Amino acid sequence: DLMVEDIDKLVSAEEKNRSEIAVIKELYQTLSAELLKKRGSFGESIKALDEEMSHAKQALLAFAESTQNGSYLQARKQLLQIKDSLYILNEKMERIPHLLMQVRSTLPGELSNLQLGIKEMEEDGYHLETFSFGSKISMQKEEIDQAYIA
C-alpha cells in the first residue's frame, strides 16, 4: 500500500512537472525579453534583475537534470521554487519603472521645498547648522542624479 502511494506521488509529480514546465519556460522567456527590451527603465536595479534571471536559468537547468535523473519529487520542488521566483521577479519588473519615475519626478521637488523650509527657519532665527541638513540634502540630490544616469 505504502509503495503504491509512493509510486502515485512520483507519477503525479512527473505529470505535473511535464504540464507546468512549458508555462514556466514561457514566463522565463517573456521576462528575459522584457529585461532586454526595457533595460533603461530599470535604473541601477538592472544588475539585481539580471542576477535573478541568471539564478532562474541555473534553477531551470537543475530542474532538467533532476527530471532526467528520475528525481521527480526533487524536480517538483525545484519547479515550484522557480515558479515562485519568476512571479516575484515579474512583479518587481512591473513595479520598478513606476517607482523610479516617482523618485525622479517627486523627490527633487520635495527636496527643494525642504531646502526652502530650512532656509526660512534659519532666517527666523533657528540654529540648524549643527544638523547639517544642507550636506544631507546635497547627498540626496546626487543620488537622484545618479538614478537618472543609470
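The structure presented is a predicted model; accordingly, all values stated were derived computationally and were not measured.

Conventions used here
- Residues numbered from 1 in each chain as written.
- Predicted model: local features only at pLDDT ≥ 70, side-chain atom pairs only at ≥ 80, totals over all residues.
- Heavy atoms only, no water.
- pLDDT = per-residue confidence, 0-100.
- Helix = DSSP H or I, 4+ residues; strand = E, 2+ residues; numbered from the N terminus.
- Phe/Tyr/Trp six-rings, centres within 6.5 Å; stacked < 30°, edge-to-face > 60°.
- Buried < 20%, exposed > 50% of the residue type's maximum accessible area, 1.4 Å probe, protein only.
- Expected span 1.5 Å × (residues − 1).
- Bend = angle between axes of the 7 residues up to and from the residue.
- Contact = heavy atoms within 4.5 Å.

Some words on the confidence of the model for the protein
Parts of the prediction with low pLDDT should not have their coordinates interpreted in detail.
Reasoning step 1: With 97% of its residues at a pLDDT of at least 70, the protein reaches an overall mean of 90.
Reasoning step 2: For the protein, helix α4 (residues 133-149) is the element with the lowest average pLDDT, namely 82, and helix α2 (residues 46-68) is the one with the highest, namely 96.

Notes on the packing of aromatic side chains
Reasoning step 1: A complete count under the given rule lists one aromatic pair for this structure.
Reasoning step 2: Both rings, one in Phe131 and one in Phe133, keep their centres 5.4 Å apart while their planes meet at 20°; by these two values the pair is stacked.

Comments concerning the side chain of Arg76
Reasoning step 1: Looking at the element boundaries, Arg76 is found in helix α3 (residues 72-123).
Reasoning step 2: Overall, the relative accessible area of 14% leaves Arg76 in the buried class.

Points about helix α1 (residues 2-37)
Reasoning step 1: In this model, α1 (36 residues) spans 51 Å end to end at C-alpha, consistent with the 52 Å of a helix rising 1.5 Å per residue.
Reasoning step 2: Within α1, the axis deviates most sharply at Glu20, by approximately 35°.
Reasoning step 3: Residues of α1 that are buried include every one of Ala13, Asn17, Ile21, Ile24, Leu27, Tyr28, Leu31 and Leu35, and no others.
Reasoning step 4: Contacts from the buried residues of α1 go to α2 and α3.

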